[in-house]
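Descriptive analysis of the structure
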Amino acid sequence: MSRWKPLPAGLDPRVRQLVVRLRRLKDHGGLSLRQLAAKTGYSAKSWERYLGGRSLPPGEAVEALARIAGDDPTRLLALREVAAEAWGDGRGRGSSGAPDDVSVRAAEESPAAAGEPRTYGRSLRVALVAGAVALVLAVSSAVLLAVRFTGQGTGNTAASATPPLSSAASQPPSSSGPPRYTCRPERIDGLWYAGNSRTRDAVLAEGQAGPQVAEAQCLLRRAGFSPGVVDGIYGPLTRSAVERVQRRADLVVDGIIGPHTWEALRR
């Protein structure tokens with residue numbers, strides 16, 4: 001059993017309770033200060049200050065001593081938190097007259113400065129924080145790259161999906177109404193074109209509008225399936241005509257113009 005020196009006069013009862021508990025655990029383990037330092041990674045001089053009530057032990061040191069002595073670290077850490085509150089407001093430090101310089105105490109409590117094994121609790125927290133920051137930066141960079149790539153890809157797709165129009169393309173829209181389209185069927189290299197678009201793979205469906213729709217409407221008329229007015233608007237009549245063409249060509253009847261339906265319309 002160690003013969004402990006009296007704790008500093010005026011030491012806050014909350015701090016005193018923690019120190020007394022730490023002393024009992026050390027006595028129970030039968031460890032000297034040197035042995036305690038070797039097992040916890042905190043120097044013998046630091047433990048002398050902790051167990052003498054002159055410095056507040058860090059949570060890692062308290063937890064290490066509890067595990068060595070076979071005690072529940074949760075309760076001991078709770079005592080340490082209560083003691084830290086008293087120590088923080090300056091009323092729990094007693095009147096031992098010993099210096100309480102923060103930088104000196106930090107140097108003494110550093111396992112690296114003492115040339116002893118370092119504890120891993122503090123390092124683990126630092127590593128976790130650094131990892132979280134790195135993860136956030138990585139995710140942000142990936143999102144920015146994805147947005148940039150998607151924007152470029154969309155532009156390229158739009159450009160490739162709109163083939164150049166022939167010289168006999170549809171008339172520009174007038175100020176008095178929607179654009180007017182004309183049908184000028186012409187057979188080129190064995191394929192039919194109506195002068196509004198040369199596309200052979202654009203995907204068109206009900207609700208779309210534009211010169212490619214007008215091209216399909218003209219080709220539907222040429223094939224004998226009336227889509228109604230050639231207005232460049234893919235409506236129910238155009239869809240019905242497309243389905244009849246698909247049915248005649250033994251294609252999937254879905255009312256959507258794709259590469260196979262274009263091939264049937266242009267031949």
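Up top you'll find the structure we're talking about.
Residues numbered from 1 in each chain as written. Predicted model: local features only at pLDDT ≥ 70, side-chain atom pairs only at ≥ 80, totals over all residues. Heavy atoms only, no water.

A few words on the overall build of the protein chain. The helix and strand inventory of the protein chain stands at ten helices and two strands. Taken from the N to the C terminus, the helices and strands of the protein chain come in the order α-α-α-α-α-α-α-β-β-α-α-α. Looking at the protein chain as a whole, 34% of its 267 residues qualify as buried. Here the protein chain has roughly 15600 Å² of accessible surface; of this, 58% comes from carbon and sulfur atoms. (Helix = DSSP H or I, 4+ residues; strand = E, 2+ residues; numbered from the N terminus. Buried < 20%, exposed > 50% of the residue type's maximum accessible area, 1.4 Å probe, protein only. Areas by Shrake-Rupley, 256 points an atom, 1.4 Å probe, with all protein chains shown as cover.)

It is worth spelling out the packing of aromatic side chains at this point. Tallying each qualifying case throughout the model produces one aromatic pair. A centroid spacing of 5.3 Å and a plane angle of 80° characterise the contact between W47 and Y50, whose relative ring orientation is edge-to-face. Of this pair, W47 and Y50 both sit in helix 3 (residues 44–51), three residues apart, which is roughly one turn of that helix. In this pair, the class of W47 matches that of Y50, namely buried. Sitting over the ring of Y193, R198 keeps its end group 4.8 Å from the ring centre. (Phe/Tyr/Trp six-rings, centres within 6.5 Å; stacked < 30°, edge-to-face > 60°. Lys NZ or Arg CZ within 6 Å of the ring centre and 35° of its normal.)

As a further point, take the state of the cysteines. Scanning all chains against the criterion turns up one disulfide. One disulfide bridge connects C183 with C218, the sulfur atoms lying 1.9 Å from each other. When the S-S torsion is -80°, as for the bridge of C183 with C218, the disulfide is left-handed. Separated by 35 residues along the polypeptide, C183 in the loop between helix 7 (121–161) and strand 1 (186–188) and C218 in helix 8 (residues 211–222) bring together distant segments of the chain. According to the relative accessible area criterion, C183 is partly exposed, its value standing at 30%. Taking the relative accessible area as the measure of exposure, C218 reaches 3% and is therefore buried. (Disulfide = S-S within 2.5 Å.)

What follows covers the packing of helix 2 (residues 33–40) against helix 4 (residues 59–69). Taken N-terminus to C-terminus, the directions of helix 2 and helix 4 make an angle of 105°; their axes are 10 Å apart at the nearest point. With respect to each other, helix 2 and helix 4 are oriented roughly perpendicular. Side by side, helix 2 and helix 4 meet where L36, K39 and T40 of the first sit next to A64, L65 and I68 of the second. Among the residues making up the contact of helix 2 with helix 4, the classes are represented as four nonpolar, one polar and one charged. (Axes fitted to C-alpha atoms, helices over the stretch in contact; angles between N-to-C directions. Parallel < 35°, antiparallel > 145°, perpendicular 65-115°, else oblique. Contact = heavy atoms within 4.5 Å. Nonpolar A, V, L, I, M, F, W, Y, C, P; charged D, E, K, R; others polar.)

Right, let's get into helix 9 (residues 236–248). In a regular helix each residue adds 1.5 Å, so 13 residues correspond to 18 Å; helix 9 covers 19 Å between its end C-alpha atoms and thus fits that length. Looking at helix 9, one finds that the buried residues are T238, A241, V242, V245 and Q246. One face of helix 9 carries all of its buried residues, which in axial projection span an arc of 140°. Seen from the open side of helix 9, the exposed residues pointing more than 90 degrees away from its buried face are P236, L237 and R248. Contacts from the buried residues of helix 9 go to helix 8 and helix 10 (259–266). Directly after helix 9, the chain includes D250, whose backbone phi takes a positive value near 55°. (Expected span 1.5 Å × (residues − 1). Arc of directions from axis to C-beta.)

A few words on the layout of surface pockets. To find the voids left in a structure, one rolls a probe of water-molecule size over its atoms. Within this model, the largest pocket holds a volume of roughly 290 Å³. At the level of secondary structure, the elements contributing two or more residues to the lining of the largest pocket comprise helix 1 (13–29) and helix 3. Split into classes, the residues belonging to the lining of the largest pocket amount to five nonpolar, two polar and six charged. (1 Å grid on protein atoms, 1.4 Å probe; cavity = no way out; pocket = protein on both sides within 12 Å on 5 of 7 lines; lining within 4 Å. Points joined across faces, edges and corners; volume = space filled by probe spheres on them.)

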